[in-house]
Amino acid sequence: VSTMNAKTSSEGKEEASGTRNEILGESGYLGEAKRGQVIRVAYVIAALDLTFLFMQMAVMPYLAKSLGLDSVGFGYLQTIFGVLQLVGGYIFGRFADQFGARAALILSCASGSVFFLLMSLSTSIPLLFLSRLPGVFMHGIPGAQKVITDMTTPSQRAGALGKLGLCFGVGIIAGSALGGVLSTKLGIYVPTYVGLVGSLINTLIAMVWIPSQTKPKSDHPVTENSTLFSIREILRLMKFPGVMEVFIVKVFAGLPIGLFMIMFSIISMDFFGLEAVESGYLMSYFGVLQMVVQGLIVGKLASHCTEMTLLRLSVLVFAGVGLGMALMRTVWHYCIIAVPLVFAFSMLATITDSILTKAVPSSDTGAMLGICSSVQPLTRTVGPTIGGVLYKQFGVSSFGYLQLMVNLGLFVYLLKSKIPLGEMKS
């Protein structure tokens, strides 16, 4: 009887422990204060990483021009960077699953250091193209998302991921401003020096403040297929219930506006008649909107509404944005449209990332985030060709009509389909 009671008590404790771990999430073994600290460090790393990235984006056209690269060559340079990011996104995610979020963040920051070092040495066009190569492992946002995914419970995830939008806003505003000021006042290569030092500091922050394990050892199973890139693994993830359907919505809902944003530098000059300084102000306006929407709105809505409701809402708002874009004529119209545009874009990105990471096993969240992060590089790769044809043949309104039609179709699809939003427990 004594033995049976002990066994029953032991089984009860194990069951209670299992229930407690499910409630606490993947990183339930860490204290609440420690998890909060690690998440805040991930936000800091993401904000700094984006700031340095937007600094180089601000000076890259001028650096390329000073080296004698024409507009066609600059397009090739951007396409190469997009392809490297596209291929590297999934590889980076698989690396994070196999070696942990800390190792992945260190790899991203170290790659950024090499990236800026090569940029600072780019005194010829071949060296400038060579500087793009480290971009294959530069994935600061997916790295931070991986940390946050490991550190939060499923119910907290959407809100925590949404706050990364604050980092994005800081990166746009600070990076664009610093890049322009430093290159103008001190020289074209100074932003690359700042990016090099900053990326090295980011690497040290990740090494010191991010724990070597962000989830229990049992959540790092050794799989038969341990290669970093595997089409079979991608297809396996897409077969989980609801993953393919949500991923299709993620790709196509934002594709038309993605094409528009790729062509925005040309549209701002030809259609809106803006100068370079005015375009910079407009980008800062977008950054502020991004911070407000993702910092104050997305998290609160995620805590009060179901994820499917928010997914449908973002697609419906995107359709309305498309109609507004088709009818806009001035930059002031665009400033008004930007409010629902940023809301829909932020909500779609946050909710789909949250749904997809919860739909796969915890050992595959990095790979899933890597696949999600490949959506924007894919748009940047095919966007210049498709966007150029649309703009040249049909004008700015064509982006709006395409946005309207695609998202109305997706909204009807989401209303009629029964997408299972199950949550993987293992």
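Remember, it's a predicted structure, so these values are computed and weren't measured experimentally.

About the cut-offs
- Residues numbered from 1 in each chain as written.
- Predicted model: local features only at pLDDT ≥ 70, side-chain atom pairs only at ≥ 80, totals over all residues.
- Heavy atoms only, no water.
- Salt bridge = Lys/Arg side-chain N within 4 Å of Asp/Glu carboxyl O.
- Helix = DSSP H or I, 4+ residues; strand = E, 2+ residues; numbered from the N terminus.
- Buried < 20%, exposed > 50% of the residue type's maximum accessible area, 1.4 Å probe, protein only.
- Axes fitted to C-alpha atoms, helices over the stretch in contact; angles between N-to-C directions.
- Parallel < 35°, antiparallel > 145°, perpendicular 65-115°, else oblique.
- Left-handed = near helix turned anticlockwise from the far one by under 90°.
- Contact = heavy atoms within 4.5 Å.
- Nonpolar A, V, L, I, M, F, W, Y, C, P; charged D, E, K, R; others polar.
- Phe/Tyr/Trp six-rings, centres within 6.5 Å; stacked < 30°, edge-to-face > 60°.
- Lys NZ or Arg CZ within 6 Å of the ring centre and 35° of its normal.
- pLDDT = per-residue confidence, 0-100.
- Polar contact = N/O pair within 3.5 Å; in protein donor to acceptor, adjacent residues only side chain to side chain.
- Core = buried A, V, L, I, M, F, W, Y, C linked by side-chain atoms within 4.5 Å.
- Expected span 1.5 Å × (residues − 1).

Novice: If you had to explain the pattern of salt bridges to someone new, which residues and values would you point to?
Specialist: This model, assessed by the stated rule, comprises eight salt bridges. For D353, the salt bridge goes to K250, with nearest N and O atoms at 3.0 Å. Of the two residues, D353 is situated in helix α16 (residues 331–359) and K250 in helix α11 (residues 243–253); the sequence distance between them amounts to 103 residues. Like D353, the residue K250 is buried in the burial classification. As a salt-bridge pair, E307 and K358 come within 2.9 Å of each other at their nearest N and O atoms. Residue E307 is found in helix α15 (residues 307–327), and its partner K358 is found in helix α16; the two are separated by 51 residues along the sequence. The two residues E307 and K358 agree in class, both being buried.

Novice: Which residues make up helix α7 (residues 154–162), and what values do they have?
Specialist: Residues three or four positions apart in an α-helix share a direction because the helix packs 3.6 residues into each turn. The buried count for α7 comes to seven of nine residues, which makes it a mostly enclosed element. Those residues of α7 that sit buried are P154, R157, A158, G159, A160, L161 and G162.

Novice: I'd love a proper account of the packing of helix α2 (residues 32–66) against helix α4 (residues 101–120), names of residues and values included.
Specialist: Where α2 meets α4, the closest approach of the two axes is 12 Å, and the angle between their N-to-C directions is 25°. In this view, α2 runs roughly parallel relative to α4, as classed from their interaxial angle. With respect to the hand of their crossing, α2 and α4 are arranged in left-handed fashion. On α4, the residues touching I45, F52, L53, Q56, M60 and L63 of α2 are L105, C109, F115, F116 and M119. Residue composition of the contact of α2 with α4, by class: ten nonpolar, one polar and no charged.

Novice: Tell me about the packing of aromatic side chains, residues and numbers included.
Specialist: All chains considered together, the criterion is met by eleven aromatic pairs. Judged by centre distance (5.6 Å) and plane angle (50°), the ring pair of F260 and Y334 falls under tilted. Pair noted here: F260 is in helix α12 (residues 255–262) and Y334 is in helix α16, with a separation of 74 residues, a long-range link. Overall, F260 belongs to the buried group, its relative accessible area being 0%. The class of Y334 is buried, set by a relative accessible area of 0%. In this structure an aromatic cluster arises from ring pairing among F260, F271, F272, Y285, F286, Y334 and F399. Of note, R132 hangs over the ring of F81, and the distance from its end group to the ring centre comes to 5.5 Å.

Novice: Residue-level account of the confidence of the model for the protein, with values.
Specialist: Confidence in the prediction of the protein, expressed as mean pLDDT, is 83, and 87% of residues score 70 or more. Predicted confidence is poor over residues 1–27, with pLDDT under 50, and the contacts of this stretch with residues over four places away or in other chains come to 20 contacts. Scored below 50 in pLDDT, residues 218–225 makes ten contacts in the model with residues more than four places away or belonging to other chains.

Novice: Residues and numbers for the environment of Y413, please.
Specialist: Tracing the sequence through the fold places Y413 in helix α19 (residues 397–416). Judged by relative accessible area, Y413 falls into the partly exposed class, the value being 34%. The spatial distance from the C-alpha of Y413 to the C-alpha of E245 is 9.6 Å, given a sequence separation of 168 residues. Those residues within four positions of Y413 in sequence are excluded, and the remaining contacts are E245, V249 and I419.

Novice: Before we move on, can you summarise the environment of S122 with the specific residues and values?
Specialist: Looking at the secondary structure, you find S122 in the loop between α4 and α5 (125–130). Once the C-alpha coordinates of S122 and L63 are considered, the two residues, 59 residues apart in sequence, prove to be 9.0 Å apart. Sequence-distant contacts of S122, defined by excluding residues within four places in its chain, comprise L67, L127, L128, S131 and Y189. A polar side-chain atom of S122 sits 2.7 Å from the main-chain carbonyl oxygen of L118.

Novice: Can you lay out the side chain of Q290 for me, pointing to particular residues and giving the numbers?
Specialist: In this structure, Q290 sits in helix α14 (residues 276–304). Once residues within four sequence positions are removed from consideration, Q290 is found in contact with G165, F168, G169, G295, V342 and S346.

Novice: Lay out the nonpolar core in plain terms, naming residues and giving numbers.
Specialist: Core analysis: the biggest nonpolar cluster contains 62 residues, and F260, Y334 and F399 have the highest contact counts within it. With 15 residues, α16 is the largest single contributor of residues to this core. With residues near it in sequence (within four places) discarded, F260 still touches I267, M325, M328, Y334, V396 and F399. Counting residues in hydrophobic clusters, the runner-up holds 26 residues, among them A46, F54, A144 and A160.

Novice: Break down the packing of α7 against α16 for me, citing the residues and quoting the values.
Specialist: Relative orientation of the contacting elements α7 and α16 amounts to 145°, with a least axis distance of 9 Å. For α7 against α16, the interelement crossing comes out right-handed. Here P154, R157, A158, L161 and G162 of α7 come into contact with α16, specifically with T350, I351, D353, S354, T357 and K358. Split by residue class, the contact of α7 with α16 holds four nonpolar, four polar and three charged.

Novice: Talk me through α19; I want residue IDs and the actual numbers.
Specialist: For α19, which comprises 20 residues, the first-to-last C-alpha distance of 29 Å matches the rise-based estimate of 28 Å (1.5 Å per residue) to within 8%. Looking at the buried side of α19, the elements it contacts are α11, α12, α13 (264–270), α15 and α18 (375–394).

Novice: I'd like a rundown of the environment of D49, residues and numbers included.
Specialist: Its location among the elements puts D49 in helix α2. By relative accessible area, which is 17% here, D49 ends up buried. Each C-alpha atom of the pair D49 and H139 lies 9.0 Å from the other, and the pair is 90 residues apart in sequence. If sequence neighbours within four positions are ignored, D49 has contacts with G140 and N202.

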